[in-house]
Each structure stands twice: as structure tokens, then as C-alpha cells.
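Architecture and fold: a report
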Amino acid sequence: MKPLTGAPSPAPLLEARAITVRFGGLEAVGGLDMAVARDAIHGLIGPNGAGKTTVLNVLTGFIRPTEGELVFDGAEIGGLGVNGFARRGLARTFQNIRLFGAMTVLESVLVGAHQRFSANALSLVFARRSARAAEAAMIARAYELLEFVGLGADVADRVATTLSYGHQRRVEIARALISAPKLLLLDEPLAGMNAVEKSEIADLVRQVRAQGIAVLLIEHDMQVVRRLCDHLTVLEYGRKLADGPPEDVLADPAVQAAYLGRAR
Amino acid sequence: MDYLGQLLANGLVLGAIYALAAVAFTLVYGVVRLVNFAFGELFMLGAFLTASLMLPEVRLLGTIVPMPGFSLPVAAAGAIALTAALGVLVDRIAYRPLRNAPRLAPLITSIAVSVVLQSLAQTVWGAEELRFPEFHLATLPPVVLFDSIYLSVMDLVVMATALAAMLGLSAFIARSSLGRAMRASAEDQMAATLVGIPVNRVVAAAFAIGSGFAALAGLLYAQTYGFAHSSMGFLPGLKALTAAVLGGIGSIPGAALGGLILGLVEALGSGYLPNGTAWKDAISFVLLVGLLYLRPQGLLGKPELNAAGRGSLLGGASEFGAAWLRAAFAKVDGGLTRAAAAGPRAALALLALAILVGLVVPSDYWLRILTMVVIYGMLASGLNVIVGFAGLLDLGFVAFWAVGSYLTSILFVLVLKDQFGVAPADIWWLLYLNLPLAGLLAAGFAVLLGTPTLRLRGDYLAIMTLGFGEIVRVVAINWMDLTNGPMGIRGIPAPNLFGIALGSPRAQFFFALALAVLVVFAIARLVRSYVGRAWVAIREDEEAAEAMGVPTARYKLYAYAASGFVGGFVGVFYAHSQQYISPLNFSLFENILLLMLVVLGGLGTFVGPFIGALIWIVFLQLALDLPFVQAYPETRFALLGVVLIVLMVFRPQGLAASARVALTMPGARPANAKEAA
Ligand SMILES: Nc1ncnc2c1ncn2[C@@H]1O[C@H](COP(=O)(O)OP(=O)(O)OP(=O)(O)O)[C@@H](O)[C@H]1O
Ligand SMILES: [Mg+2]
């Protein structure tokens, strides 16, 4: 394993050790070691089918790895359920957008804030002041975040799944951010977007990091990756091919060979 | 030993019949992942058709019709062929349009098909039993094994037929190209489509064979017990489904194994347990619930069959439908959307209207009916919490209702009046204590029953809740000391407030209305908060909800508890308003009816359950003026079933779907955001 450069902090935010995932006979991820620093925009790249989404699923508890362990923010989290990962501060978006049907944008974003509510059933039924205050605070926060991700307040009451593709991605990001995560994991947030939108989302990612939230993102567009990320992990056939700062990694002949003729 | 041997022999006969019907469930589930509840009714039709074909004449629709008077084998073949054709037709009309719909849709449709077939059978053949004609083999003396075990010749024929049918089916699936295609679709439907297997033909074949097996099982059952009846398919259907799940649904050897185990367990249980025959129905369901808890995939099944289907009925509108139908719905939707946007004002207007109606309606008869509307509306609202908001099909909701009704009736009548001689009027306040108490008790039950179901999804969940509901009903019938058994409890006092009896129909109506306001208010407050958002998120995409930090298992339990609370709460008032309850009030049919009312009105809305209840109960009464309905009252249920099937295909969200419920607390929005919106 190459040493992690540019990460003087000895304790990374997230550390995956010797992660292996097998689906029946297929080894989708093999012995992966990976660390995400506390202030990183960390890119996870690799050809189609390399196992990137599988890794992201492991890091968010969706898939329990066949082998390996996960340490997040100093604690072992491998045994938690999916919502436990979310509660510890890991928030994600999905490669195929998964917004809740029949919910408005505002409501969808508020689902992300679930863990920040605590009113009990009685105070909800009697609409106690504390319950109302918590709701109002989260709604205000949701409006802030909608603006932050570049959506106007006018979309708040539209049914989320009727928005354009690009806007749906932004709603997903707002829904993830409202949980106040420590690490935001984005699965191909730029897919299917035009150049303008891509640079907007890239700016958004930088702003997220500026707020002290680390970002792990999967992306195929090498131009964007080079400019946006400060650390890259390259996967091929489920194994780690390279790991380090973008300029080093992208200059690596093995990485270039992996991408040659495959990606754009 | 002799006794045991005889029980085993009886168990084998019963098991053979269960196994045949289980094959029907398993075959269709394997190919289209649908639990076709209607097989119980095809089972019944097999029995009726065979009996009719064997008789010289039968009374159909009240007129005597000459019949061919075939012998059993010929009649059976005819009945099987007819039922198989009907099965294919049902699939074509009711299920095929829903192939890609969320799983709840075909499940509800199959329940509706069941209701339609049963009501039609009752219309055609009447409400009485049809005696099953004796076949000449049945007159032969019984075979005696080991000097002491008696098996009639027909018992042997039943077992031999079942065995032959099973072996024939196995050979068919292994050898014929259609059979192989069936197995391929069962393994992986997507792949089967890709390699060019004509899936619709395979599905039709599965329905044909499955329906044929159900008919065969039904006619053997009717032959064994000597009669056919329009509701005879219900319990054996559930048992066969249990057997299929027991063996591992989707697996044919599993169905055979499950059927045999169930038949034997039932025979042994009724033979050896104290008062076993009374409890034998509960035995199967306890077995089912235990098995689903410990090993949801069944004995021989594959675990992935229990996968969740994503998306809900409310996600999007169906594209089907004539232009005028869609235009009509669009009009309704426009009005409802506007009304829903008006929020509390619309609700108050509705309440004012209800009060006005309560004040001006002159007839006691209609006041009683309107009270019933409100009661059913409340119950349906409780069911709506779990089905409409959390998206979990619950076929055991009546149990909560029963808990509430029985709690208050037992306390008032069996304990205080009969044991201690306390006059109900002296303790009128107990009713008001019982309302929340029964709610809490039922909620406790709901959590208890809900806990084991948390690991289950979709169809299995529905089957499990159904098992629970049946267990509660069987307990209510058989635990004589507690519930008075089938006689029910009489003399439950009418509601009373500070010594003023509220027994008059008008007082009861207003009492019900007041409770309804409380129920809707409480549900609305919960739904319009983070709790309701968690429920809807679970309904729409459970995994994504979990990834957003929603502990989905816990919130499903909360949904059960809330729905149970409402069931228990309303149950108390129901008992006092009816003044008499018996286990018959809490049958699975009532649960199905409530479900249909919610779906009719609109899942996941506040007004939907009441709209459904109003339409149905008022129609039920008005239709009685029609001479046709007077002659055939069951046709009303058939019509409800048909309406529901049509709705599932053309408008799965129900009539009032566009009265979309906002999921944020009213008044919690910042002022500027309201302007922007
Ligand atoms: N649930 C699963 N069961 C079986 N195989 C799976 C499953 N999920 C992923 N795979 C397989 O694992 C491998 C890695 O898939 P993954 O989706 O992680 O790739 P990816 O790098 O995200 O690709 P893409 O760039 O196309 O999104 C693929 O061969 C895929 O077919
Ligand atoms: Mg991927």
C-alpha cells in the first residue's frame, strides 16, 4: 500500500481494512484497504463494473462485507444496521436516484433529518411547543439547504420525482446533508449532466467540504476528478490499482492502461 | 396404537388434499411471484361444478336446471377443465395488467377476485350446502389395515389421485418444453424473458394447471366431507397456502411435503390435544406463524423469494383507461386537490356538514346506518395507518378491533354484571376509561404480533398477519370462559354520560362523530410529523429510508401500534353501540372489507377511509330496494370486488388519492417560505 500523502492527520475519518465482498462465486471487491481523511474530497474511480458502488454500499452498511472491518470516527461500525451508519454520520446518494415517490421536495429532504427529531407521540399529537419548534427549525434548515444545492424555494412543494433529473440529484444531496453528516458519499453525482451543471455540482461539493464535511465521490469524468479531488482510489476488478493524489494516480501507467479504450 | 394409526391415516387423506391445493399456490407464485388468494375459491368451484355435473338436476339462480348426471371421474374432468379455463381468464383480466405494478396491487386484486367468485357462487348455487352425490365406489365396505385402521375406498382413491397428479406434474415439468420453460421462469423471470420464453404463455399455463389442481383438491375435499358450500374454500385455501409457505413457496416438492405435514399435524393435534378438534384451525396457523418467524423461506424454499418490491400504489397513476374515465377522474382530482389545499377549513366544513346531517336526518334507520359509516370509517382509518401510510398489507387488523370490543364487553357484562352484580349504569364512566385502555392493550398486542413480522416483507407479511387474525378469532370462539364462545356476549350497555343514556340513534351518531374527530385528529397529527414522513418513506423505498437514518423496523412497529390503538379504541365503542358481539363480527371477511374500503376511498389519505365507508354502506342499503338485489344480496359484494379490480388496474390510488396529505406540521413553515410556495 502506498503511503497516504497530504494527510498528516494520523487518524483518518473512515478506514476500511481488507474489505472483501463476494456475490456467490463473483468477487466484487477483493481485500480493499482505504482511508478517507477528515477534510478530503476523495475520488473513487475505476472502469464500469469495477466494484465502486459495491464499496460505497459497504461503507454505508447496505452490504455487509464477506471479510474486513470498518472504522469510522474512531469506532468500529461494521456490525451496525444501515440506519446505524446514517446515525454515525455517513450520508449518501444513489447511482440510480432513489427519491421517495408521492413526497414533495421539502418532505423528502426532511426525511433525511429524521434522526434530528426526538418528540414523542404525545407531544406530536398535542403539538407541544417543543415539537413544533423542532419541526420549524428543520423546515427552515431544509429551505436553507435547498438554496445551498441550487434549488429555489418554489420547488419545495413539487412532488420530488416530477423534477428534472439534475434537480432530483440536488434534492438527494440536500436530503443527505440535512442529517449533518461527517462524510457525504456521492455515487456518480455528475452522471448525465451537461458541462454547466457539472461545474455547478463540483462547486457545491467544494462548498460542502468547506463546511467541514468530508466527501467521497464516484465519478467517471477524469477532467472533473483531476480538478475536484484531492485524493483518489482507483479500483479495477474489485482490487485497488492505485491510491494517492490525483496527479500521481492519473499519471500511473497501470491506471491509464485500465482506462485505455474503456472510458471517455 | 390403533387410535394413532387411524389419526395418521386421516391426516394423510387431509394432507393429500392440502398438498394438491398447495401446488396451485406454489406453481403460480413460482412463475409470477403472486400469492393468488383466489385459489381457495377455485377450490370451491371445483367442488360445486363436479357435484352439479354429477347430479341429474340442480337449482341454479333459483331455477331447476337439468344436468347430465355424469359419474365422478367424468364430472371431475369437466370441472377441472372449466376451473382451469376460469383461472386463465382471471389471470388475463385481473392480474396480467398488473404484472409490473407494485406487489401490493395484485395481492389486493387477488383478494378482490376471491370476494367476487365467492359471492357469485353463492348467488348461483345459493347459501345452503349442496350435498355431494355419492360415487358408487364410496358404497363399498372400508378397507381395514392392521385389523383396526379403517380407510374408505374413497380415501384410498383420494390419496392415489393426489399421488398420481403430483407425479404427473413433476414429469410434466421435467420433460415437456412448457414445463421446462415454467421452471426457467421460476428460477429467473428476467432471464427467461431474455432467452425468449413466451412468458405470458407460461404464466397462463401455470394458472391453468394451478387452477386445475385447486379444483381437484376441492372436489376431493367435498367428496370426502359430502357437501359443497360457497364458503368452503376459505379455510382449506388458507391451509393450503400455509402448506405452500411451510414447504417453501415456489417449490413443488415443498408443497407436497408441507401439505402432508399440515394434514398430519392437524389430525394428530385434533386427536391428542385437549378439546383438539375445536383448536385444530389454530394449530395450523400457530405452525405457520412459528415457521415464518424461524425460517421465513420455508422448509425447502429459497431465501431470496422474500425480496421487497419497491414503490407503492401511490407512486404514479396508471396509464390505462378510457379517455372519459380519465377525464372524470381528472375532474374529481381537481376538486379534491383544491379541497386538500384548503386544509383545516375543508375539514371543518366537512365536519359541519356531518353535524348538519346528523341533526336533520329524521329516520332512526338512516341514523343507524350513518353511525355504521362513521364506525367503519374510523376502523378503516386505523387500517389505513399501516396499509396506506406505512405500505404494509395487514390482514389481521380485525384482531385489534376484537380486542377492544371484547375487553369492554367482558368487563361490563361478564365480570361486573354477572360476577359482581354491578349495574352498568352505575359505572358508566368505565367506558371512557376503556377507550384508551383498549387502545393501549390492542397497541401492545400489535407490537407483540408485529415484532416477529419485522423480518418479513411483502407477501409473507400479509400471510403472517392473516395467521394472527385467524388465531385470535379461533381463540374468541373456543375460549368459552373468557369470551362466551360462539354465543357471543349480550346486553352490553349503550354509552352513557353522567347517567344520561346515549342509546338513541341520534346520540350514538354524534358520539361516533366525536370519536371520529379524535381519531382523525390524532392520526393526522402523527402523520404530519417526522413519524408520518418515516412511514411514507418506508412505504416508498424501505432501503433508502433506512439509509436516511430511519430505523425502519421500529417505525413499522409504531405503525402497527398506532393502527392497533385505533382498532382497540373504536372496538370499545362498536361493542357498546351494537350491544351484542360474537366472533362472527371479527372474521377475515371484515378485514378484507375494511381493506377494500380504504383502497376504494384512497390509501394514505385522511378522507379516503370515510369516503369508502360512506359509498359502500350507503350503497349496501340503497341497493336493497332493487328486486334483483333482494333476490341475490351477495351480488353487492361481487360488485364491490369488481369495482376494486377495475380500480386496481385503472386507478390503484383510489378515488380520493389526490386529497394528498401534507407531511409537515401545519403552521411550522417560515412565513416567507409560505409566500414562495
Ligand atoms: N447484488 C449483487 N449481486 C451480484 N452481483 C453484483 C451485485 N451488485 C454488484 N454485483 C456485481 O459486482 C460487480 C461490481 O459492481 P458495481 O456496481 O460495484 O460496479 P461499479 O464500479 O459501480 O460499476 P458502474 O461504473 O457501472 O456503476 C459487477 O460485476 C456487478 O455485476
Ligand atoms: Mg456503480
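All chains use their own residue numbering, which begins from 1 and follows the written sequence. Chain A is the first chain written and ligand 1 is the first ligand written, with later ones labelled in order. Owing to the predicted nature of the model, reporting of local features is limited to residues with pLDDT of at least 70; listing and counting of side-chain atom pairs is limited to 80 or more, with chain, interface and lining totals taken over all residues. Computation of side-chain values: all heavy atoms of the structure, hydrogens and water removed.

As for the sheet that holds strand 7 (residues 183-187) of chain A
Residue and element names in this part refer to chain A. Applied cut-off: For two strands to be treated as a pair, DSSP must find no fewer than two bridges joining them. Strands are runs of DSSP state E lasting at least two residues, helices are runs of H or I lasting at least four, and both sets are numbered from the N terminus onward. A fitted line through C-alpha atoms serves as each axis, taken over the contacting stretch for helices, and the angle formed by two N-to-C directions is quoted from 0 to 180°. Working rule for contacts: check all heavy atoms of both residues, and any pair within 4.5 Å makes them a contact.
Taken in spatial order, the 6 strands of this open sheet run 6-7-8-3-9-10, and their pairing is mixed. Edge positions in the sheet fall to strand 6 (90-92) and strand 10 (239-244), since each of these pairs with one other strand and no more. Strand-to-strand twist in this sheet, taken as the mean axis angle between neighbours without regard to direction, amounts to 20 degrees. Of the strand pairs in this sheet, strand 6 and strand 7 are connected by 3 bridges, and their pairing is parallel. Opposite Ala-91, over in strand 7, you have Leu-184 as the bridge partner. Lying on the sheet, helix 6 (residues 165-177) is in contact with strand 6 and strand 7; it crosses strand 7 at an angle near 160 degrees.

Observations regarding the site of ligand 1
Residues and elements named next belong to chain A. Heads up, the rule is: Whether a residue is near a molecule or strand depends on its heavy atoms: if one lies within 4 Å, it is near. Any pair of N or O atoms that falls within 3.5 Å is considered a polar contact. Within protein, one atom must be able to donate a hydrogen and the other to accept it, and sequence-neighbouring residues count only if both atoms are side-chain atoms. Using a 1.4 Å probe, the Shrake-Rupley method yields the accessible areas, and only the shown protein chains count as cover for residues.
Within the structure, ligand 1 sits among 13 residues, and Gly-49, Lys-52, Thr-53, Thr-54 and Gln-95 are positioned closest to it. The separation between an oxygen atom of ligand 1 and a polar main-chain atom of Gly-51 is 2.9 Å. A distance of 3.2 Å separates an oxygen atom of ligand 1 from a polar atom in the side chain of His-220. Protein contact buries 61% of the 630 Å² of open area that ligand 1 shows by itself. Per-element accounting of the shell around ligand 1 gives the leading share, 3 residues, to helix 1 (residues 52-59).

Overview of the sheet that holds strand 2 (residues 26-36) of chain A
Pairing between the strands of a sheet is mediated by backbone hydrogen bonds and can be parallel or antiparallel. Taken in spatial order, the 4 strands of this open sheet run 2-1-4-5 (chain A), and their pairing is antiparallel. The sheet is open, and its two edges are formed by strand 2 and strand 5 (75-76) of chain A, each paired on a single side.

Some thoughts on the packing of helix 14 (residues 364-389) of chain B against helix 20 (residues 530-540) of chain B
Residues and elements named next belong to chain B. Spelled out, the test is: Oblique is the label for every angle not falling under 35 degrees (roughly parallel), over 145 degrees (roughly antiparallel), or within 65 to 115 degrees (roughly perpendicular). Classification used: nonpolar for Ala, Val, Leu, Ile, Met, Phe, Trp, Tyr, Cys and Pro, charged for Asp, Glu, Lys and Arg, polar for all others including Gly.
Interaxial distance between helix 14 and helix 20 falls to 8 Å at its minimum, and their mutual angle equals 50 degrees. When the interaxial angle is binned, helix 14 and helix 20 end up oblique. Residues Val-385, Gly-388 and Phe-389 of helix 14 form the contact with helix 20, whose own contacting residues are Trp-535, Val-536 and Arg-539. Residues that form the contact of helix 14 with helix 20 fall into these classes: 4 nonpolar, 1 polar and 1 charged.

Concerning unusual backbone geometry
Basically, it comes down to this: Residue burial is assigned from relative accessible area. The probe radius is 1.4 Å, only protein chains are included, and a residue is buried under 20% of its type maximum, exposed over 50%, and partly exposed in between.
A positive phi angle, near 55 degrees, is found at A:Asp73, a position not held by glycine. With respect to the element layout, A:Asp73 can be found in the loop between strand 4 (67-72) and strand 5. A:Asp73 sits in the partly exposed class, given a relative accessible area of 30%. For B:Leu61, which is not a glycine, the phi torsion comes out positive at approximately 50 degrees.

Overview of the interface of chain A and chain B
The condition that has to hold: Reported buried area values correspond to the accessible surface (1.4 Å probe) lost by two parts on association, with both partners' losses combined. The term salt bridge refers to a side-chain nitrogen of Lys or Arg lying within 4 Å of a carboxyl oxygen of Asp or Glu.
At the junction of the two partners, chain A supplies 39 residues and chain B supplies 39 residues. Taken together, the two surfaces of chain A and chain B that pack against each other cover about 3,400 Å², and 65% of this comes from carbon and sulfur. For the interface between chain A and chain B, the tally reads 3 salt bridges. Among the ionic pairs, A:Arg98 bridges to B:Asp541, the shortest N-O distance being 2.8 Å. For the pair chain A and chain B, the number of links is 11 residue pairs in polar contact (both at pLDDT 80 or more). Elements that contribute at least two residues to the side of chain A that touches chain B include exactly helix 2 (82-88), helix 3 (105-112), helix 4 (121-125) and helix 5 (129-148) of chain A. Counting residues per element, the side of chain A that touches chain B draws most heavily on helix 5 of chain A, at 6 residues. For the side of chain A that touches chain B, the class distribution of residues is 22 nonpolar, 8 polar and 9 charged.

Some remarks on the layout of surface pockets
Residues and elements named next belong to chain B. Put simply, the rule is: Buried and open spaces are told apart on a 1 Å grid over the protein atoms alone, a cavity being a set of points where a 1.4 Å probe fits but cannot get out and a pocket being an open set with protein on both sides within 12 Å along at least five of seven lines. Residues with an atom within 4 Å of a point are the lining residues. Grid points are joined across faces, edges and corners, and a volume is the space filled by probe spheres set on the points. Each domain's extent is set by a domain assignment, obtained either automatically or from a database.
Empty space within the second largest pocket amounts to approximately 1,100 Å³. Lining the second largest pocket are 48 residues, and of these Ser-231, Met-232, Phe-234, Leu-235 and Pro-236 lie nearest its centre. Taken together, the residues of the lining of the second largest pocket sort by class into 28 nonpolar, 11 polar and 9 charged. When residues of the lining of the second largest pocket are assigned to domains, at least three map to each of domain 1 (2-302) and domain 2 (335-676).

Digging into the coordination of the magnesium ion (ligand 2)
Residues and elements named next belong to chain A. Using the following cut-off: Each metal site is built from N, O and S donor atoms within 2.8 Å (3.2 Å for Na, K and Ca), and since water is not included, such sites may look incomplete.
Looking at the magnesium ion (ligand 2), the protein donor atoms are Thr-53 (OG1) and Gln-95 (OE1), and they sit 1.9 to 2.2 Å from it. With a gap of 42 residues between them, Thr-53 in helix 1 and Gln-95 in the loop between strand 6 and helix 3 connect regions that are remote in the sequence. For Thr-53, a relative accessible area of 26% gives the class partly exposed. We classify Gln-95 as partly exposed; its relative accessible area is 31%.

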